[in-house]
Amino acid sequence: MDPSTRPRVASGNRDDAARSRSRSADEQRRIDRTLAGVMRALSGDPDLDRWGARPIGAHGRLPLNAPHLYPSVADAGLSSLRGAADAMALRMRHSDLGEHRSALPDSTAERLVVEVLEQFRCEALADLPGVRQNLAQRHTEWCREFLGSRLHETHQGILLLTITVVARSTLTGEPISEDCVDLVEATRADLAADMGGLLVRLRRTRTSQSAFLPAALDFAAFVAARMAENEEQWGQGVRPRRGVTASAFSLVLDVSESPFAAPGGSSESPGTAGRGYAIWDASFDTTRHIAEVVRPAQLRDLRRQLDEQTQDRRAPVAPIISRLQPVVAAPVEVCDLEDGESGVLDPRRLSRLITSPGERRVFRDVTTTGQPDTAVAFLLDCSGSMKPHAAGIAALLDGLVTALDRLDVVTEVLGFTTGAWNGGRPKTSWQRSGSPTGIGRLNEIDHLVFKDSATTARRARFDLAGLLKLSLYREGVDGEAVRWALTRLDRVGAARTVLVVVSDGSPADGATAEANDEDYLARDLVATITAEARPDRHLIGVGLGCDVSDFYQSAIALDPETLGDRASTRAVVEALRTALGRHGGQV
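Remember, predicted model here, so these are calculated numbers, not experimental data.

**A closer look at the environment of S208**
(1) Moving on: Assignment of secondary structure puts S208 in the loop between helix 8 (178–204) and helix 9 (209–234).
(2) Moving on: According to the relative accessible area criterion, S208 is partly exposed, its value standing at 27%.
(3) Moving on: Separated by 87 residues in the primary sequence, S208 and R121 place their C-alpha atoms 9.2 Å from one another.
(4) Moving on: Only 3.2 Å separates the side chain of S208 from the side chain of S210, close enough to count as a polar contact.

Below, the structure is given as structure tokens:
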């Protein structure tokens, strides 16, 4: 969202938002952890957590899709973030998601209205004054954001804004936001005769979800009918003015567990429902070591180019080692001395106490030491848009891999791309078969190994320079690459594993999008990360000039212009420290 489009923001809130934009990555992580703790405490659900800005439970992402629940992390002040977290917690506390989901209508507009009404019903049940204040502040901020998008300048937009603020005011007993009250008055008066009885039913039944749902469905049907009348009369949907980003304010959305769900609430695209992720033709897929792709002489030349391009911005290795050393070693008990006269009682010597009651040599001295039992893999997006960042990524990995190698941590450096642009040979066979829709991934993937677990960092120096072979960079199929990398990590047999995925955005493959839908690969990535979650492994998303927290629960953003310098290296090191610290390392 462009902050300049906000109308009439109070100075205190503007300062709060300015402070939010100046937060460091560490501050933002602390805020996220605090908000997650607040959500667990208020909801009473110990499994409730945050994945980026979205709530997750024990079984993955939660279908909470009311638009005001997701303030911009970059622009929102702390009070707005806290209000959104409180709203999510109240929803989990007072709403049965299964019952709500089963009652949702087929119409997209009606689904949205029922979703928003159920969220407002739960917020109306807040009994703590501070929580109610947080909720009101978040709603006010959302109203200002909506007005900033100028969606209210369309007939559909002002209708939806009116029913939203009026319904919330009715359910909570709070007045309509000052920013909206004058704007919605005419539409409110026009709807009053037909809407009044429905609002009374909503307020009377707000304490019981089962009684509230029929009233919400009737209200949603009324709104959908008015929208249809507007469409017929004016011939327009909800469209903002040109040049204004409205993704954060889109009111006609699908209510689903996944933000990337296909229309109709399914997390799979048409033609693959019930079959999950599909592949049209895997016979052309390859997995190759970089030495099979790039000649040794060329690797030496690329290594020389890399050293020349990055010699002034490389981070020293020693500080990396000192920061990571406390967390890469798993605590292990070691018996230093047996048959001692002091220490911990040795159960194997209990018989001595019976046969010789005076025997004192029944103890052993046990100490705890750290033994490296960790594996870290770096998975690199080798799509075409990553070409400008190749040298910076190689410089970044040089320092990290060298430091981890000296700490006896097993490392791998992997890459993923496609064997061709725009589908390659699988697309040719697809076209010959009549170009059916919904057939799954439609390209030949190419997985690259720049460093395997058996190779030391020193021996892999030239292979890492293969990242500068720019002809390898084509398109990206992230979900399959993540599964491939995690499978390789599992084969290492380490007690703790971390996968660091470096990318500059969402998965992208033109042929797959053409045969399915644009979000097919993004949905697979989300599903993969959710399904592969385990206590002994951690995934970190590193976004180059972008935020990848929609995919990865632990995510950082780096400036692509300064890759490999001290700041970018420190950010990745701190992310590794956090991940390994959660898994039992000694910080």
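**Let's talk about empty space enclosed by the protein**
(1) Moving on: In total, this model carries four cavities of 30 Å³ or more according to the counting rule given.
(2) Moving on: Empty space within the largest cavity amounts to approximately 130 Å³.
(3) Moving on: V116, F120, L160, I163 and T164 are the residues nearest the centre of the largest cavity, which is lined by 13 residues in total.
(4) Moving on: Elements with a minimum of two residues in the lining of the largest cavity: helix 5 (108–124) and helix 7 (155–172).
(5) Moving on: In terms of residue count, the dominant contributor to the lining of the largest cavity is helix 5 (five residues).

**So, helix 12 (residues 317–328)**
(1) Moving on: Between its first and last C-alpha atoms helix 12 spans 16 Å; for 12 residues at 1.5 Å apiece the expected length is 16 Å, and the two agree.
(2) Moving on: For helix 12, every residue scored as buried is listed here: V317, I320, I321, L324, V327 and V328. Axial view of helix 12: buried residues confined to an arc of 135°, hence all on one face.

**So, the packing of aromatic side chains**
(1) Moving on: For the coordinates displayed, the defined rule picks out three aromatic pairs.
(2) Moving on: When the ring of Y277 is compared with that of Y520, the centres are 5.5 Å apart and the planes differ by 25°; the resulting orientation is stacked. Here Y277 is found in the loop between helix 9 and strand 4 (286–289), whereas its partner Y520 is found in helix 19 (residues 520–531), with 243 residues between them in sequence.
(3) Moving on: Positioned above the aromatic ring of F212, the side-chain terminus of R121 is 5.9 Å from the ring centre.
(4) Moving on: When the ring centre of Y277 is taken as origin, the NZ or CZ atom of R483, which lies over that ring, is 5.1 Å away.

**Topic: the packing of helix 7 against helix 8**
(1) Moving on: Between helix 7 and helix 8, the shortest axis-to-axis distance is 8 Å and the interhelical angle comes to 55°. The angle between helix 7 and helix 8 places the two elements in the oblique class. The element helix 7 and its partner helix 8 pack so that their crossing is right-handed. Judged by residue contacts, I158, L159, L161, T162, I163, V165, V166, A167, T170, L171 and T172 of helix 7 engage C180, L183, V184, T187, R188, L191, M195, L199, L202 and R203 from helix 8.

**Section: the sheet that holds strand 12 (residues 537–544)**
(1) Moving on: Pairing within the open sheet is mixed, and its seven strands lie in the order 4-10-9-8-11-12-13. Lying at the two open borders of the sheet, with one neighbouring strand each, are strand 4 and strand 13 (554–558). Averaged over all pairs of adjacent strands, the angle between strand axes in this sheet comes to 20°, irrespective of strand direction.
(2) Moving on: Across seven bridges, the pairing between strand 8 (residues 374–381) and strand 11 (residues 496–503) is parallel. Note on strand 11: the bridge partner recorded for L380 is V502.

**Observations concerning the confidence of the model for the chain**
(1) Moving on: Residues of the chain with pLDDT of at least 70 account for 78%, and the chain-wide mean is 81.
(2) Moving on: Mean pLDDT values for the elements of the chain range from 41 in helix 1 (residues 11–21) up to 96 in strand 10 (residues 445–451).
(3) Moving on: Scored below 50 in pLDDT, residues 1–22 shows 37 contacts in the model against residues more than four places distant or in partner chains.
(4) Moving on: Scored below 50 in pLDDT, residues 583–587 makes 20 contacts in the model with residues more than four places away or belonging to other chains.

**Let's talk about the nonpolar core**
(1) Moving on: L161, L202 and F219 are the most contacted members of the largest nonpolar core, which totals 61 residues.
(2) Moving on: Elements with a minimum of two residues in this core: helix 2 (25–43), helix 3 (78–94), helix 5, helix 6 (129–149), helix 7, helix 8 and helix 9.
(3) Moving on: Those residues in contact with L202, other than ones at most four positions away along the chain, are L117, L171, F212, A215, A216 and F219.

**Re the side chain of T411**
(1) Moving on: By secondary structure assignment, the location of T411 is in strand 9 (residues 410–418).
(2) Moving on: Note on T411: relative accessible area 1%, which makes it buried.

**Some words on the pattern of salt bridges**
(1) Moving on: Counted by the stated rule, this structure contains 34 salt bridges.
(2) Moving on: Here R168 ties to E174 by a salt bridge, and the two come within 2.9 Å at their closest N and O atoms.
(3) Moving on: Here R425 makes a salt bridge to E444, at a shortest N to O gap of 2.6 Å. In this pair, R425 is assigned in helix 15 (residues 424–432) and E444 in the loop between helix 15 and strand 10, connecting sequence segments 19 residues apart.
(4) Moving on: Exposure remark for R425: the relative accessible area of 44% places this residue in the partly exposed category.
(5) Moving on: Residue E444 is classed as buried on the basis of its relative accessible area of 5%.
(6) Moving on: Taken together, the salt bridges that share partners define one network made up of R303, D307, R314, D398 and R461.

**Considerations on unusual backbone geometry**
(1) Moving on: The backbone phi angle of D408 is positive, close to 65°, even though this residue is not glycine.
(2) Moving on: Structurally, D408 is set in the loop between helix 14 (390–406) and strand 9.
(3) Moving on: Despite not being glycine, S435 has its phi angle at roughly 55°, a positive value.
(4) Moving on: Tracing the backbone shows S435 in the loop between helix 15 and strand 10.
(5) Moving on: Taking the relative accessible area as the measure of exposure, S435 reaches 30% and is therefore partly exposed.

Rules and cut-offs
Residues numbered from 1 in each chain as written. Predicted model: local features only at pLDDT ≥ 70, side-chain atom pairs only at ≥ 80, totals over all residues. Heavy atoms only, no water. Helix = DSSP H or I, 4+ residues; strand = E, 2+ residues; numbered from the N terminus. Buried < 20%, exposed > 50% of the residue type's maximum accessible area, 1.4 Å probe, protein only. Polar contact = N/O pair within 3.5 Å; in protein donor to acceptor, adjacent residues only side chain to side chain. 1 Å grid on protein atoms, 1.4 Å probe; cavity = no way out; pocket = protein on both sides within 12 Å on 5 of 7 lines; lining within 4 Å. Points joined across faces, edges and corners; volume = space filled by probe spheres on them. Expected span 1.5 Å × (residues − 1). Arc of directions from axis to C-beta. Phe/Tyr/Trp six-rings, centres within 6.5 Å; stacked < 30°, edge-to-face > 60°. Lys NZ or Arg CZ within 6 Å of the ring centre and 35° of its normal. Axes fitted to C-alpha atoms, helices over the stretch in contact; angles between N-to-C directions. Parallel < 35°, antiparallel > 145°, perpendicular 65-115°, else oblique. Left-handed = near helix turned anticlockwise from the far one by under 90°. Contact = heavy atoms within 4.5 Å. Pairing = 2+ DSSP bridges. pLDDT = per-residue confidence, 0-100. Core = buried A, V, L, I, M, F, W, Y, C linked by side-chain atoms within 4.5 Å. Salt bridge = Lys/Arg side-chain N within 4 Å of Asp/Glu carboxyl O.

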